[in-house]
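Structural features, examined
Take a look at the letters that make up each chain.
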Amino acid sequence: MKAKRKYLILLAVALGAMMTACDTPEKRYERARTLYEEGTELREQRLSEEAAKRFLQALDLLGKGETDEKTVRLEGQLKDNLGAMYNKHGLFDDALTMHREAIECFRQVNDSAEVMTAMRNCGRVANSMEQFNQAKRYYDTAFSIAALLNDEAMQNDLYLEMGRDYYLPTGNFPKAVECVSRALEGGLDDNNTDIANMTMGVLCYYTKNYAEAKTYLEAALRSERTGLRMSVYQTLYAIAYNEGNYQLATDYQDLFTQSMMQSDQEHASDNLQRLKAEYELKAQKSEMEVVMRNRSLKLLLIIAAAVIAMLVIVLIVRKKVGDHKLAVAQFQNQVERDQNRIHELVSDMENLIRTNDDLRRDRQTLSQKDLLMTSKIMGRNKIYATAQSLSEQVTADAMNFTLTDDDWADFISLTDLVYDGFSQRLLERYPKLGKWDVRICCLSKNGFSNQVISILLDTQTESYYKRKTRIKQMKMNLTDDNRTFEEIVNAV
C-alpha cells in the first residue's frame, strides 16, 4: 500500500512538471508579443487581413486570466489595433467595443498615453457612424490628456481631426478653419499636412473664398495618395465650374478620371476588397475554431497518457501480489482500446476538415455560375451595363452617361427577376425606404463597388458612405445591428 501511494505521488509530480514546462504564462506572453509585432508590421504594409489574424491569435494566447502589468498592456494594444482593423472594414460596433476594452486595459496599468490614443480611435469610429457629438466627447477627452502630457504632436493631430471630422460635417466652418489652421501652425507630418491643406481648401470653397481655396488645394497636390488627389481635383473642378472657366473644369475632370484609373490599378475594386476582407475575417474565425478543437484533442491525448501511466502503476502493484499476467493482458487491451479511440478521434477530425474544404469549393463553384447567369440577364439594362463598364475601367466616355427613370425601373424589374422579387421584399421589411434608397439597395445587391455606385449617383464616395449609414440607422432602424450595409441588403 505504501509503494502504491509512493508511485501515485511521483506520477502527480511528474505530470505537474511536464504541463508546467510545456505552457507557462511567460512563454504564452512571448509568443503573443511576437505575433503582435508581426501584426503591426503587416498593418504598416496595408495587409490588414493578415495583421488581424496575428492580433486574434495573440489575444487567444493571452486569454488565460493573467493580470500582470505587461500582459494587460499587451492585451490593450492588441484590442486597440483590432478596433482599427474593424473600423476600416465597416464593423463599427465591433471596433468601438475593442477600443473601449483597450481603454480599460490601459487604465489598469495607468498608461495615460495609450488611453489618449485609444480615446482618439473611439472618436474616429463614432465619426464613421456619424455620431458626431459622441465623437467630439472622445476627441475632447483625448485632447485633455494630450495637454496634461504636453504632447504637442497629438494636440496638432487632434486639432486637424476635430476640424475635419466634427466641425466640417456639422457645418461650423469658422470653428473648423480655426482648428485646421492651428494644426498647420503647430506642425504636422507630411501626410497630415497634405490632408490639412485639402481640408482648408474644401472649407474655403464652401465659404466661396475661391482664391485661397486654390492655394491650399494646389499645396495638397504634392501628396502621393491617389485618393486625396482625387478629392482635390474634384474640388478644383467645382471651383472652375462655378467661376465659369469650363475648359479648366474639363481639364480637372480629366485629371480626376486619370487619378481614379490609377487608383484602380494600384488597388483592387472596393467591392472585391470588401468581399476579401469579409472572407478573411470569417476564415480567421474558422481557423481559431480549428485551433480550439486541436487543443481539445491535445488535452484528450494528455489525459489518455495520464490514464496509461496510471495503468502502468496498477500493473506494477499487481505484479507484486502475483497477478502479473492478468494485469498485463488487461493493460494491453486497455491500451489497444485507447489507441483505437485516439485513431478514431483523429480520423473524425481529418474527415471534418476535408468536408469543410469540399463545401467551400462547392460554394465557390455555385457562386461563379450564379454570377454568370446574373450577368446574362442584367447585361441588357443600361444602368447595369454602365456600372459594369465603370467597374472594368473608368474613362471619360464611360462617365458620359444619362440615366432616366425608365432605365431605373427596368433595372429594378430585372433585379426582382434575378433575386426573386427583391425590391418588394425589401420594402415589406423596411417600408420607410424611398425611391433612391431602393435603387441604392438594388445596386448593392448586384455587387457593385462603393466607388461605382457613388459615380452613378453623381456624388463623392465619402458622401455615399454617410448615406449608407443614414439608410441603415434612420430608414431601416438598425442602429444596434452589427452587420454592414451590404450584409443587411444581401440578407433580404
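Up top is the structure.
One numbering rule holds for all chains: residues counted from 1, following each sequence as written. Where local features are concerned, this predicted model is filtered to residues with pLDDT of at least 70; where side-chain atom pairs are given and counted, the filter is 80 or more; whole-chain, interface and lining totals use all residues. The side-chain quantities take in all heavy atoms of the structure and omit both hydrogens and water.

Focus on the overall build of the chain
Helical segments are the DSSP runs of H or I of at least four residues, strand segments are the runs of E of at least two, and each set is numbered from the N terminus. When its secondary structure is counted, the chain shows 23 helices and zero strands. Every residue pair with non-hydrogen atoms within 4.5 Å of one another is taken to be in contact. Pairs at least 24 residues apart make up 59% of the contacts formed inside the chain by residues separated by at least 6 positions. For the accessible areas, the method is Shrake-Rupley and the probe is 1.4 Å, while residue cover comes only from the protein chains on display. Total accessible area computed for the chain in this model is approximately 27,200 Å², and 51% of it derives from carbon and sulfur atoms.

What about the nonpolar core?
Only buried residues count toward a nonpolar core. Its members are Ala, Val, Leu, Ile, Met, Phe, Trp, Tyr and Cys residues joined through side-chain atoms within 4.5 Å. For every residue, the accessible area obtained with a 1.4 Å probe (protein chains only) is divided by the maximum for its type, and the residue is called buried under 20%, exposed over 50%, and partly exposed between those limits. Counting residues in each nonpolar core, the largest one holds 109 residues, and the members touching the most others are F411 and M476. For this core, the element with the most residues is helix α7 (residues 132–149), which contributes eight residues.

What to know about the packing of helix α3 (residues 48–62) against helix α4 (residues 69–88)
Axis lines are fitted through C-alpha atoms, for helices just across the contact stretch, and the angle between N-to-C directions can take any value from 0 to 180 degrees. Contact geometry of α3 with α4 gives a least axis separation of 10 Å together with a crossing angle of 150°. Both α3 and α4 take part in a crossing whose hand is left-handed. Within the contact between the two elements, α3 uses S48, A51, A52, F55, L56, A58, L59 and L62 and α4 uses T71, L74, E75, L78, K79, N81, L82, M85, Y86 and K88. Three residue categories are used. Nonpolar comprises Ala, Val, Leu, Ile, Met, Phe, Trp, Tyr, Cys and Pro, charged comprises Asp, Glu, Lys and Arg, and polar comprises the others, including Gly. Residues of the contact of α3 with α4, tallied by class, amount to twelve nonpolar, three polar and three charged. Here is the rule for handedness: rotate from the far helix to the near one, and if that takes an anticlockwise turn smaller than a right angle the crossing is left-handed, while a clockwise turn gives right-handed.

What to know about the pattern of salt bridges
Salt bridges are defined by distance alone: a side-chain nitrogen of Lys or Arg within 4 Å of a carboxyl oxygen of Asp or Glu. Applying the stated criterion across every chain, the model contains 22 salt bridges. Of the charged contacts in the structure, one is a salt bridge between R33 and E37, with a shortest N-O distance of 3.6 Å. Within this pair, R33 and its partner E37 are both found in helix α2 (residues 25–44), separated by four residues, close to a single helical turn. Accessibility expressed as a relative area gives 27% for R33, which makes it partly exposed. A salt bridge links K475 to D437, with the nearest nitrogen and oxygen atoms 2.6 Å apart. Of this pair, K475 sits in helix α22 (residues 461–475) while D437 is found in helix α20 (residues 435–445), placing the two residues 38 residues apart along the sequence. You can call K475 partly exposed: its relative accessible area is 30%. Look at the salt bridges and you will find they share partners, linking R120, R124, D157 and E161 into a network.

With respect to helix α16 (residues 382–392)
Looking only at α16, the buried set comprises I383, Y384, T386, A387 and L390. One side of α16 holds all its buried residues, which, seen down the axis, span an arc of 165°. A distance of 2.9 Å separates the backbone nitrogen of I383 from a side-chain oxygen at the start of α16, and that oxygen is part of N381. Think of the arc as the fan of directions from the helix axis to the C-beta atoms. Here a polar contact means two N or O atoms within 3.5 Å. Within protein one must be a hydrogen donor candidate and the other an acceptor candidate, and residues neighboring in sequence count only if both atoms are side-chain atoms.

Quick word on a nonpolar patch on the surface
A contiguous nonpolar patch, built from L299, L300, I302, I303 and V307 and spanning about 400 Å² of accessible area, is present on the exposed surface. On the secondary structure map, L299 appears in helix α14 (residues 270–320). The exposure class of L299 is partly exposed, given its relative accessible area of 47%. Surface patches are defined over residues having more than 30% relative accessible area and no salt bridge, joining like charges when they lie within 9 Å and nonpolar side chains (Val, Leu, Ile, Met, Phe, Trp, Tyr) when within 5 Å.

As for unusual backbone geometry
Although it is not a glycine, D420 adopts a positive phi angle of roughly 60°. Among the structural elements, D420 can be located in the loop between α18 (405–418) and α19 (422–429). Positioned with a positive phi, D458 is a non-glycine residue whose angle comes to about 60°. Tracing the backbone through its elements, the reader meets D458 in the loop between α21 (450–456) and α22.

Structural notes on α20
For α20, a buried count of nine out of eleven residues is recorded, marking the element as mostly surrounded by other parts of the structure. Those residues of α20 that are buried are in contact with α16, α18, α19, α21, α22 and α23 (485–490). G447 sits one or two residues past α20 and shows a positive phi near 85°.

Focus: a positive patch on the surface
Residues R43, R46, K88 and R225 make up a contiguous surface patch of positive charge. Here K88 shows up in helix α4. By relative accessible area, which is 51% here, K88 ends up exposed. When charges are tallied, Lys and Arg are placed among the positive residues and Asp and Glu among the negative ones, while His and the ends of the chain are skipped. To locate a charge, the coordinates of NZ of Lys, CZ of Arg, CG of Asp or CD of Glu are taken.

What about the environment of F92?
Along the polypeptide, F92 turns up in helix α5 (residues 92–108). In the structure, F92 is positioned 34 residues away from A126 in sequence and 8.0 Å away in space, judged by C-alpha atoms. The residues contacting F92, other than those within four sequence positions of it, are N87, V125, S128 and M129.

Keep in mind these values describe shape, not function.
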